[in-house]
Every structure is written in structure tokens, then in C-alpha cells.
Amino acid sequence: MVPAYYVVPKNGEPANRILQRVLDLCAYVKRPKSDRLFKIIYDHMKIDNQFPSGCPLKEKEEYYIRHLRPAAIRIPGFLPESGFIYETNYYTGVSSVPVLSTRFHGELVRVMNHQLSDQ
């Protein structure tokens with residue numbers, strides 16, 4: 001599995017990859033704390049979805065992603081406010097055969113709640 005995060009400038013310039021990781025899904029499922037950044041996303045995604053729970057992966061088992069709300073994910077503070085692309089590619093086998101590719105496009109904006117006081 002190869003998750004990557006790209007910043008997309010508003011001026012029409014090409015997207016810049018600022019983060020990319022290569023993760024072994026089976027190793028990650030056994031030790032989810034091995035990658036803290038991906039754990040934030042993975043923990044949110046497995047709430048309403050069906051992901052592998054162990055290895056080896058079962059041949060006829062079904063996996064799915066439903067009701068995904070990226071806005072509900074706690075975003076790390078080092079990611080800049082900008083347009084973004086979050087991409088994850090999944091591969092299998094020794095020869096790394098592509099199995100699945102996902103890509104989310106969006107815009108990261110900071111929303112601050114201010115408490116109004118009567119003064």
C-alpha cells in the first residue's frame with residue numbers, strides 16, 4: 001500500500017507531493033501503531049467500513065468503503081491550508097501487481113470557533 005498526499009496550489013501550478021509512505025498492509029494490521037499518521041486515517045475509515053483484520057487475506061472475503069467523511073478526520077497541524085489530493089494505491093504479490101487505486105480531491109481549510117462574550 002502506498003498512501004500519498006499532494007498539495008494543489010490555487011494558481012494552477014502542478015500538484016506537489018509532500019508526503020508518501022510505503023506500508024505493508026499485513027504488517028500494519030499486526031502493528032497499527034507502527035505509523036502514527038496513517039493510523040489517524042485508518043482508524044477513522046474502519047468505523048463504517050470492512051477492512052482486512054488479519055493476514056493472509058482471505059480469498060473470498062469482501063472489503064468495502066462506505067460513508068467516508070474526510071471532514072471528520074483529525075488532520076495533523078503540519079498539513080497546509082490548500083487544495084489537496086490524497087491517494088492510496090494497493091499492490092499484491094512479489095511483483096507488486098496493482099489491485100486498487102483511490103484518490104480523494106478536496107480543500108483543507110482551518111475553521112475556528114470563537115466564543116462571543118458580552119462586553
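Structural data are supplied above this passage.
Residues numbered from 1 in each chain as written. Predicted model: local features only at pLDDT ≥ 70, side-chain atom pairs only at ≥ 80, totals over all residues. Heavy atoms only, no water.

1. So, the overall build of the chain
Convention followed: Each helix is a run of DSSP H or I of at least 4 residues and each strand a run of E of at least 2, with the numbering of both proceeding from the N terminus. Radius of gyration here is computed from C-alpha atoms only, and the compact-globule reference equals 2.2 Å multiplied by the residue count raised to the power 0.38.
Regarding its fold elements, the chain presents two helices and four strands. In sequence order, the chain lays out its α and β elements as β-β-α-α-β-β. In summary, the chain has a C-alpha radius of gyration of 17 Å against a globular reference of 14 Å for 119 residues, an excess of more than 25%. Along the longest, intermediate and shortest principal axes, the C-alpha atoms of the chain span 65 × 35 × 25 Å.

2. Overview of the pattern of salt bridges
The following threshold applies: Whenever a carboxyl oxygen of Asp or Glu lies within 4 Å of a side-chain nitrogen of Lys or Arg, that contact is scored as a salt bridge. Buried residues are those whose accessible area, probed at 1.4 Å on protein chains only, stays under 20% of the maximum for their type, while exposed residues exceed 50% and partly exposed ones sit between those limits.
In total, this model carries four salt bridges according to the counting rule given. Across the salt bridge formed by E107 and K10, the nearest N and O atoms sit 3.3 Å from each other. Of this pair, E107 sits in strand β4 (residues 97-108) while K10 sits in the loop between β1 (2-8) and β2 (16-20), and the two are 97 residues apart along the sequence. Taking the relative accessible area as the measure of exposure, K10 reaches 72% and is therefore exposed. Among the salt bridges present, the one from K39 reaches D43, with a minimum N-O distance of 2.6 Å. With a gap of four residues between them, K39 and D43 both fall in helix α2 (residues 36-45), about one helical turn apart. We classify K39 as partly exposed; its relative accessible area is 22%.

3. Section: α2
The periodicity of an α-helix, 3.6 residues per turn, causes residues three or four places apart in sequence to face the same way. The criterion, for reference: In this description, the arc belongs to the directions extending from the helix axis to the C-beta atoms. Any pair of residues with heavy atoms lying within 4.5 Å of one another is described as a contacting pair. Counted as a polar contact is a pair of N or O atoms within 3.5 Å, where, for protein atoms, one must be capable of donating a hydrogen and the other of accepting one, and residues adjacent in sequence contribute only when both atoms are in side chains.
Burial in α2 covers these residues: L37, F38, I41, Y42, H44 and M45. Buried residues along α2 cover an arc of 165° about the axis, so they all sit on one side. Check the buried side of α2 and you find it contacts β1, β2, α1 (25-30) and β3 (82-92). In this structure D35 caps α2, since a side-chain oxygen of it lies 3.3 Å from the backbone nitrogen of L37.

4. Some points on the environment of A27
The topology assignment puts A27 in helix α1. A residue is classified by how much of its surface remains accessible, and A27, at 37% relative accessible area, is partly exposed. The sequence separation of A27 and I73 amounts to 46 residues, and the corresponding C-alpha distance is 23 Å.

So yeah, pure geometry; function would need other evidence.
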